[in-house]
Amino acid sequence: DKLKRWFEATRFVELTCGVIEESGGQLVATTPTLSMAADSELSLEEKFQQGTGTNLLLSEFVNDGVLQSLRQRIASLARALELAGFARIDGFYDRQNDELLIIEVNTLCAMTEATVFYTQVLDTFGWSPPEALAHIARVGMARGERPAAATASARPDTAGA
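Scope of this entry: the structure provided in the associated data block. What you see is a predicted model, and the numbers here were worked out from it, not measured in a lab.

Calculation criteria
- Residues numbered from 1 in each chain as written.
- Predicted model: local features only at pLDDT ≥ 70, side-chain atom pairs only at ≥ 80, totals over all residues.
- Heavy atoms only, no water.
- Helix = DSSP H or I, 4+ residues; strand = E, 2+ residues; numbered from the N terminus.
- Contact = heavy atoms within 4.5 Å.
- Phe/Tyr/Trp six-rings, centres within 6.5 Å; stacked < 30°, edge-to-face > 60°.
- Buried < 20%, exposed > 50% of the residue type's maximum accessible area, 1.4 Å probe, protein only.
- Lys NZ or Arg CZ within 6 Å of the ring centre and 35° of its normal.

## Here's the deal with the environment of Glu99
Consideration 1: Counting through the fold element by element, Glu99 comes out in strand S6 (residues 99–106).
Consideration 2: In sequence terms Glu99 and Leu70 are 29 residues apart; their C-alpha atoms lie 9.0 Å from each other.
Consideration 3: When residues no more than four places from it in sequence are discounted, the contact partners of Glu99 are Arg73, Phe92, Tyr93 and Asp94.

## Some thoughts on the packing of aromatic side chains
Each aromatic ring pair is specified by the distance between its two centres and by the angle formed by the two planes.
Consideration 1: A complete count under the given rule lists five aromatic pairs for this structure.
Consideration 2: Taken together, a centroid distance of 5.1 Å and an interplanar angle of 35° make the contact between Phe7 and Phe61 tilted. Within this pair, whereas Phe7 is found in helix H1 (residues 2–9), its partner Phe61 is found in the loop between strand S4 (55–57) and helix H3 (64–80), the two being separated by 54 residues in sequence. In terms of burial, Phe7 and Phe61 fall into one category: buried.
Consideration 3: Of the aromatic side chains, those joined through ring pairs into one cluster are Trp6, Phe7 and Phe61.
Consideration 4: A cation over a ring is seen here: Arg95 above Phe7, with NZ or CZ 4.4 Å from the ring centre.

Keep in mind these numbers describe shape, not what the thing actually does.
As structure tokens, then:
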């Protein structure tokens, strides 16, 4: 098929991956999606068309081992950055060297009906958009109810600074 041939001929593919905090605080990376370009790389119009571009689940193009490895790397990055709630991580996947090159970590990603985030959580967790939003709200509210000592950051106190 044409899409699989395109993927096989492309060394660097642009990926978008959602990250969701589970109820216990564990961060889980969703199934990444790849951005399809009409030409050899994304044009400015394709890159910034507000979620209306062609995004395909990476699971359609790679085996489960590659998919799980990328998800684990993205989740590890999210933990290292101490992300919470939900986020979107964008990068390029170098298929030849099996490297993930991060270009953006967005902790306030758009949640409009056009976002590919909903496709990712549907594929990963089986959640509809309202279920995904309810989960994010539930986890955030539970985090706010934890004792202050349990949610204290390792960052220095900047109160009064």
